[in-house]
Amino acid sequence: MKRILVTGGAGFLGSHLCESLLNQGHEVICLDNFFTGRKANIIHLLDLPQFECMRHDVIDPFKLEVDWIFNLACPASPIHYQFNSIKTVKTSVMGAINCLGLAKRVKARVFQASTSEVYGDPNIHPQTEDYWGNVNPIGPRACYDEGKRCAETLFFDYHRSNDVDIRVVRIFNTYGPKMMADDGRVVSNFVVQALRGEDITIYGDGSQTRSFCYVTDLINGFIRFMEHESGFPGPLNLGNPGEFTMLELAEKILNKVGSSSKIIHLDLPQDDPKQRQPDISLAKSKLNWEPQVSLDEGLDHTIDYFRKEC
Ligand code: NAD
Ligand code: UDP
């Protein structure tokens, strides 16, 4: 049994991670400033003696005795990370420094939730971990993309200079229950719009692609990587290689919900990546990990969840 810190533990991925770690018998401390996280995501955990929750901001230092740290604190949806872009950079960079400083002091293993956004609008397809990316450093997505890239730099510098035991994962679009209805990400937007009979808002012509991973698959990958004793630091892609256009996604969701919502087209946001698909050969060979849940099955669970929420 380990004592584990999860920053961003009240968010979408963090709350699933806290629950899985508690189910494995670990002690979990959730640290969150509740910017995009919610008490509702962890309310069922609050009475457990092995669970603690602290309202704290990762940009301010913290001292704890822990064996493992999962650093997930950072808004992930474009509307939320662009709401206060300077704060997003601080969260990524200072949050990484604070987690790494703590890991160095208490000799903890530390995990970074990095992102496929480090590849920007990629020129190679599918994306492998050795691709350095194509990111606009001054555009509206830069606060997130460059913040996460700098966090990766810090992780690898602490690893090289201070022998900190790191695990860096590049997460591709992940969806499932506990996303916020007004989060702005595409799966939650389309599902909620279809359930409410509102217009389905496709940005641009809908030909851009994404690869969608169901949350339980991703969390299994996180834990498998942290348990792995090889010392391999990453970066490691985790995602589902099934690739869909936004138009295909919208049609799938409309059919499943049986909705009469109309599809409308809005302006494509600046620097929106045209395509994205993870090459997961490394995760297969290092961790024997690959996703088990198809987009159809995952969407069914997600639609069931939002039917109760909306
Ligand atoms: P989320 O917005 O639901 O969760 C982020 C959590 O971090 C929230 O609980 C929020 O309140 C908290 N937080 C934000 N800023 C903070 C701060 N300064 N101090 C303390 N807590 C703070 O997003 P998510 O989808 O659960 O993403 C979790 C992590 O995974 C993020 O780091 C994100 O960049 C990364 N990621 C997610 C995806 C995805 O598809 N879900 C893809 C790539 C990377
Ligand atoms: N998108 C869309 N309609 C929406 C929300 C998003 O067409 O209501 C598009 C968006 O432009 C992008 C894709 O869906 O091309 C994925 O967007 P999301 O914000 O979920 O993730 P990211 O762009 O960060 O991969």
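Procedures and definitions
Residues numbered from 1 in each chain as written. Chains lettered and ligands numbered in written order. Predicted model: local features only at pLDDT ≥ 70, side-chain atom pairs only at ≥ 80, totals over all residues. Heavy atoms only, no water. Helix = DSSP H or I, 4+ residues; strand = E, 2+ residues; numbered from the N terminus. Rg over C-alpha atoms; globule rule 2.2 N^0.38 Å. Buried < 20%, exposed > 50% of the residue type's maximum accessible area, 1.4 Å probe, protein only. Areas by Shrake-Rupley, 256 points an atom, 1.4 Å probe, with all protein chains shown as cover. Near = heavy atom within 4 Å. Polar contact = N/O pair within 3.5 Å; in protein donor to acceptor, adjacent residues only side chain to side chain. Nonpolar A, V, L, I, M, F, W, Y, C, P; charged D, E, K, R; others polar. Contact = heavy atoms within 4.5 Å. Expected span 1.5 Å × (residues − 1). Arc of directions from axis to C-beta. Pairing = 2+ DSSP bridges. Axes fitted to C-alpha atoms, helices over the stretch in contact; angles between N-to-C directions. Disulfide = S-S within 2.5 Å. Left-handed = near helix turned anticlockwise from the far one by under 90°.

Novice: Just to check I follow, could you spell out the overall build of the protein chain for this structure?
Specialist: Helices and strands together make up the secondary structure of the protein chain, namely nine helices and 13 strands. Taking 310 residues into account, the globule formula puts the C-alpha radius of gyration at 19 Å, and the protein chain, at 19 Å, falls close to it. A principal-axis box enclosing the C-alpha atoms of the protein chain has dimensions of 55 × 45 × 40 Å. A buried classification covers 56% of the 310 residues belonging to the protein chain. Total accessible area on the protein chain stands at roughly 13,300 Å², and carbon and sulfur atoms take up 49% of it.

Novice: How should the site of ligand 2 be read in this particular structure?
Specialist: Taken together, 18 residues form the shell around ligand 2, and within it Asn189, Thr201, Arg210, Asp272 and Arg276 come nearest. A distance of 3.2 Å separates an oxygen atom of ligand 2 from a polar atom in the side chain of Glu117. Relative to its unbound accessible area of 520 Å², ligand 2 is 95% covered by the protein chains. Residue assignment for the shell around ligand 2 shows that the elements contributing at least two residues are helix H5 (186-196) and strand E8 (200-203). Here the residues of the shell around ligand 2 are counted per class, giving seven nonpolar, five polar and six charged.

Novice: Quick question: what am I supposed to make of the site of ligand 1 here?
Specialist: By nearness alone, 30 residues border ligand 1, and Leu13, Asp32, Thr36, Tyr144 and Lys148 come closest of all. Side-chain polar atom of Asp32 to an oxygen atom of ligand 1: 2.5 Å apart, as the coordinates give it. Within the contact set of ligand 1, an oxygen atom lies 2.8 Å away from a backbone nitrogen or oxygen of Thr174. At the level of elements, helix H1 (12-23), helix H3 (85-106), strand E5 (109-115) and helix H4 (142-162) are the ones that each hand at least two residues to the shell around ligand 1. The element best represented in the shell around ligand 1 is E5, accounting for three residues. Split by residue class, the shell around ligand 1 holds 14 nonpolar, eleven polar and five charged.

Novice: Can you walk me through the side chain of Ser116 in this structure?
Specialist: Mapped onto the fold, Ser116 is located in the loop between E5 and H4. Those residues in contact with Ser116 that lie beyond four places of it in its chain are Arg170, Ile171, Phe172, Asn173 and Arg276.

Novice: Help me understand helix H7 (residues 246-257), please; the structure alone is not making it clear to me.
Specialist: Each α-helix winds once per 3.6 residues, and so residues spaced three or four apart point in a common direction. Between the first and last C-alpha of H7 there are 16 Å, a value that for twelve residues agrees with the 16 Å anticipated at 1.5 Å per step. Of all the residues in H7, the buried ones are Met246, Leu249, Ala250, Ile253, Leu254 and Val257. Burial along H7 is one-sided: seen end-on, the buried residues are contained in an arc of 130°. Of the residues one or two after H7, Gly258 is the one with positive phi, at around 70°.

Novice: Got a minute to help me understand the environment of Phe51 in this structure?
Specialist: Position of Phe51 relative to the elements: it lies in strand E3 (residues 51-55). The class of Phe51 is buried, set by a relative accessible area of 5%. Each C-alpha atom of the pair Phe51 and Leu22 lies 7.6 Å from the other, and the pair is 29 residues apart in sequence.

Novice: Help me understand the sheet that holds E3, please; the structure alone is not making it clear to me.
Specialist: Remark on secondary structure: sheet strands pair via backbone hydrogen bonds, oriented parallel or antiparallel. Spatial ordering of the open sheet is given by E3-E2-E1-E4-E5-E6-E11, a layout of seven strands whose pairing is parallel. Of all strands in the sheet, those with a lone pairing partner are E3 and strand E11 (236-238), marking the two edges. For this sheet, the mean angle separating the axes of adjacent strands, direction not counted, is 20°. Here three bridges tie strand E6 (residues 166-171) to E11, and the two strands are oriented parallel to one another.

Novice: I'm lost on the state of the cysteines in this one. Help?
Specialist: Two cysteines whose sulfur atoms are joined by a covalent bond form what is called a disulfide. Summed over all chains, the structure comprises zero disulfides. Summary of cysteine pairing: Cys74 is not part of a disulfide, and the nearest cysteine sulfur, belonging to Cys143, is at 8.3 Å.

Novice: How do you make sense of the packing of H5 against H7 when you look at a structure like this?
Specialist: Axis angle and axis distance: for two packed helices, these are the angle between their axes and the distance between the axes, and together they describe the pair. Interaxial distance between H5 and H7 falls to 9 Å at its minimum, and their mutual angle equals 40°. For the pair H5 and H7, the crossing hand works out as right-handed. Where H5 approaches H7, its residues Val186, Val187, Phe190, Val191, Ala194 and Leu195 are matched on the opposing element by Met246, Leu249, Ala250, Ile253, Leu254 and Val257. Its residues assigned to classes, the contact of H5 with H7 comprises twelve nonpolar, no polar and no charged.

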